[in-house]
Structures are given as structure tokens and as C-alpha cells.
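# An overview of the molecular structure
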Amino acid sequence: MDSSTEQVARVRVTAGLRALRFDGGSLALNLVASLARRGSTPIERLGTLDRLREWCDGVGLRLRDEAVTDGLHTELRTLREAAYDVVAAAVHGRAPAAASIALLNERARPAPPQPLLRATGAGVEVDGADRPLTGRELQSVVVRDLIAVLGDPERRGALRACDSSLCTMIYLDLTPGRRRRWCSMRLCGNSAKAAKHRQRRAAAEGSRGDR
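Throughout what follows, the structure given in this document is the object of discussion. Keep in mind the model is a prediction, meaning the values are calculated, not measured.

With that settled, the discussion passes to the nonpolar core. The biggest cluster of nonpolar side chains holds 38 residues, and the ones touching the most others in it are Trp 55, Leu 63, Leu 104 and Leu 138. Secondary structure elements with two or more residues in this core: helix 3 (27-32), helix 4 (49-59), helix 5 (70-92), helix 6 (98-108), helix 7 (135-151), strand 5 (159-161) and strand 6 (170-172). No other element matches helix 5, which puts nine residues into this core. Not counting chain neighbours up to four residues away, the residues in contact with Leu 63 comprise Cys 56, Val 68, Leu 72, Pro 132, Leu 133, Thr 134, Gly 135 and Leu 138.

Written out as C-alpha cells, the structure reads:
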């Protein structure tokens, strides 16, 4: 895509661009996607504690009320950037920063809650599956998900970066043939099509003007 056509899109920050994304293909990638347009001027989607709560709801995780703090907010965004460094390195075939690896390993260490079976008079129940998480437990769950993605050859090989140079969102492409080019056809795919249409129209008008 011609960079000149993307300059127009760069200054338009719509509600859609600020909306949280839950279509990355994994918990960790959904966190990485909470910073939009890494290829141009980044757009923070996780800018407030309310957005943090919304993100947790969207990925199906519950935080303890007392865990929703500015400190966790800062830690989660730091974790997000380390996660992005590692998955982008996997996509582009480079080594991630040692600091990113160290931070992710440190955040993975606290044990996430372990549901247990409990016998009842009516049979068996799962006990503790819905217990709210502490801030560090939440981060551990996210990092362990990232490790699971990178440790699975099929999913690691399915990591892709959106073809839009403005977006570059990392996602899992599990479609047949793995030919998906965009993080979302509705968003970046349609924008790319519209940009190409504008280019063709401008070229056609230019050629007519030269006659």
C-alpha cells in the first residue's frame, strides 16, 4: 500500500480504533492488541482502570476488586510491551530483547488459581474455577498463555502481522492455507481496498488530464 494513502487514515482516530480487540486468537495476543496502530502513531485502548475492567470482562477473567489499581494498570502495560516484543520477534525471525524475556518469565512465576474437584451428594463439582484473580495471578495467566502459543509449533507458525503498515497487529491465522492478510477484513482489509480504489481513480484521472 502506498504510504501517501495511509497518511489520511493516520489522523483519523475513530471509536472503532479505540475499541478493545478480542480477536487476536489468544489471551496474550488480545492484550498485545490493546495498543493500536503500532506502525504509526499508537492509540492506547487500555488507558483507564475502567478499560482494564472491560478488557478483563472481554477475555473472561475476573479480578479482585482491590486488585484494580494504577499499579496493576502500569504493570500490565509493561507486560504487554514485552509480550509484543517476543511475538513480533517470532513473526519477523529476530531475537527479542533479553529484558522482555526476563520480565515475562518473572511475571509467569506466581501460580494461577488451580481449580479442584469436590465430591458432593449429587456427584462432582469443580471448586474454585471462578475465583477472582490477584493482579500478579492475572499477569501469570496471560504470560502462560503466551508461552503456550510459542511452545506449540502449529500456533507459533500461525502468528502473523497485519499487512497494514499503520496497524501491524499480531494475530493467529488458523484459516485453511493461512492466507489471511489482515487483522480484520472489516477494518484493515476494507481500508486497504478503499485506498487502492482511490489510487486507481486518481491514476485514471491523472491519465485523462495528461491527454
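For strand 3 (residues 116-120) and strand 4 (residues 123-127), the ladder comprises five bridges, and the chain directions are antiparallel. Considered in strand 4, the bridge of Leu 116 is made with Asp 127. Between strand 3 and the antiparallel strand that follows it, strand 4, lie two residues.

A separate point is helix 4. Every buried residue of helix 4 is listed here: Leu 52, Trp 55 and Cys 56. One side of helix 4 holds all its buried residues, which, seen down the axis, span an arc of 100°. In helix 4, those exposed residues whose orientation departs by more than 90 degrees from the buried face are Asp 50 and Asp 57. Summarising the contacts, the buried residues of helix 4 are in contact with helix 3, helix 5 and helix 7. Downstream of helix 4 by a residue or two, Gly 60 has a phi angle that is positive, lying close to 80°.

Cut-offs used in this document
Residues numbered from 1 in each chain as written. Predicted model: local features only at pLDDT ≥ 70, side-chain atom pairs only at ≥ 80, totals over all residues. Heavy atoms only, no water. Core = buried A, V, L, I, M, F, W, Y, C linked by side-chain atoms within 4.5 Å. Buried < 20%, exposed > 50% of the residue type's maximum accessible area, 1.4 Å probe, protein only. Helix = DSSP H or I, 4+ residues; strand = E, 2+ residues; numbered from the N terminus. Contact = heavy atoms within 4.5 Å. Pairing = 2+ DSSP bridges. Arc of directions from axis to C-beta.

Everything listed is a geometric property; what it means functionally is a separate question.
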